[in-house]
Amino acid sequence: MNLALSPHKTQSGFLLPSIHAAPPFFTQQPNPRTQAVVAQNWTRLILSYARHKRLFMIRAEDADVPGSEWDEVLRNPRINRRLLSPHLSAILADMVAKGHAVYEPPRQTSSVLLYWRTPEEWAQVLYDWANSTGQLNTIMTFYEIIEPPVPSPLSGIPLPILRKAVSLLTKSNRAQIIAVSDGEGVRFLAGNADK
């Protein structure tokens with residue numbers, strides 16, 4: 001079977017890059033320079049797919065689980081290849097080292113929280129959302145932000161990312177953290193929208 005290297009659309013509508021059809025892409029490379037290129041391509045692919053599907057977590061074990069939410073990218077049945085968990089673990093470590101992810105929970109190295117948007121980008125999305133929905137100078141709980149009555153770009157955002165975004169807004173005087181009876185809260189401050 002002669003399979004040309006070409007992009008391929010998954011069932012979810014995600015366009016896999018042509019490198020996904022190359023068998024060496026799924027193998028940890030012994031040459032450090034080659035492996036660095038492979039890791040860079042996997043990082044780009046993982047972050048793009050996570051953004052497409054709104055996925056925030058990936059575990060090294062996801063490579064071993066057929067039918068997982070990551071199956072479309074971690075496997076390629078057209079060439080009978082899959083990424084092995086030790087290789088995925090090395091890629092995740094590289095992503096953490098380069099600031100594209102953080103280990104979550106901390107003090108372990110098998111699962112990461114993905115930054116398909118940087119914390120600074122999430123902070124801006126959060127502030128823009130608060131501004132456009134009339135939430136400036138209103139106290140909101142973190143739960144109200146994560147689980148709003150009307151879906152928003154922040155729906156389902158993991159708490160560690162939300163905390164980091166709020167912290168960045170606090171440092172730029174666009175928000176303040178407020179203690180509320182049922183958890184953590186934030187007040188978005190008007191006046192510094194461009195920071």
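Everything here concerns the structure above.
Computed from a predicted structure; not experimentally measured.

Novice: So what's going on with the sheet that holds strand 9 (residues 175–180)? Residues and values would help.
Specialist: Spatial ordering of the open sheet is given by 8-10-9, a layout of three strands whose pairing is antiparallel. Lying at the two open borders of the sheet, with one neighbouring strand each, are strand 8 (139–141) and strand 9. Between one strand axis and the next, the sheet turns by 35° as a mean value, whatever way the strands run. Contacts from helix 6 (residues 159–171) reach strand 9 and strand 10 (183–188) within the one sheet, and its direction differs from that of strand 9 by about 125°.

Novice: How would you explain helix 1 (residues 32–53) if you had to name every residue and give the values?
Specialist: Since the α-helix advances by 3.6 residues per turn, residues separated by three or four positions end up pointing in the same direction. For helix 1, built from 22 residues, the straight-helix expectation of 32 Å at 1.5 Å per residue is met to within 8% by its first-to-last C-alpha distance of 31 Å. Regarding helix 1, the residues found buried are Gln-35, Val-38, Ala-39, Asn-41, Trp-42, Thr-43, Leu-45, Ile-46, Leu-47, Tyr-49 and Ala-50. Of the surrounding secondary structure, the elements contacted by the buried residues of helix 1 are strand 2 (15–16), strand 3 (57–59), helix 2 (71–74), helix 3 (85–97) and strand 7 (111–114). The backbone nitrogen of Arg-33 has a side-chain oxygen 2.8 Å away, supplied by the residue at the start of helix 1, namely Asn-31.

Novice: Can you explain unusual backbone geometry? Please cite residues and give values.
Specialist: A cis amide bond links Glu-104 with the next residue in sequence, Pro-105, at an omega value of 0°. Along the chain, Pro-105 turns up in the loop between strand 6 (101–103) and strand 7. One non-glycine residue, Arg-54, adopts positive backbone phi at about 55°. Inspection of the secondary structure puts Arg-54 in the loop between helix 1 and strand 3. Of the residues examined, Arg-54 reaches a relative accessible area of 33% and is grouped as partly exposed.

Cut-offs used in this document
Residue positions are given per chain, counting from 1 as you read along its sequence in written order. This being a predicted model, a pLDDT of at least 70 is required before a residue's local features are given, and a value of 80 or more before pairs of side-chain atoms are given or counted; all residues contribute to the totals for chains, interfaces and linings. Side-chain figures throughout are based on the complete set of non-hydrogen atoms in the structure, without hydrogens or water. Here, any two strands with at least 2 DSSP bridges between them count as paired. Strands here mean DSSP runs of E at least two residues long; helices mean DSSP runs of H or I at least four residues long; both are numbered from the N terminus. Only the contacting stretch of a helix is used when fitting its axis, a line to C-alpha atoms as for every element, and angles between N-to-C directions run 0 to 180 degrees. Every residue pair with non-hydrogen atoms within 4.5 Å of one another is taken to be in contact. Between the first and last residue of a helix there are one fewer steps than residues, each counted as 1.5 Å, and that sum is the expected span. In this scheme, a residue with accessible area under 20% of its type's maximum is buried, one over 50% is exposed, and one in between is partly exposed, where area comes from a 1.4 Å probe on protein chains only. Throughout this description, a polar contact denotes any pair of N or O atoms lying within 3.5 Å of each other; where both atoms belong to protein, one of them has to be capable of donating a hydrogen while the other can accept it, and for residues adjacent in sequence the pair is counted only when both atoms sit in side chains.

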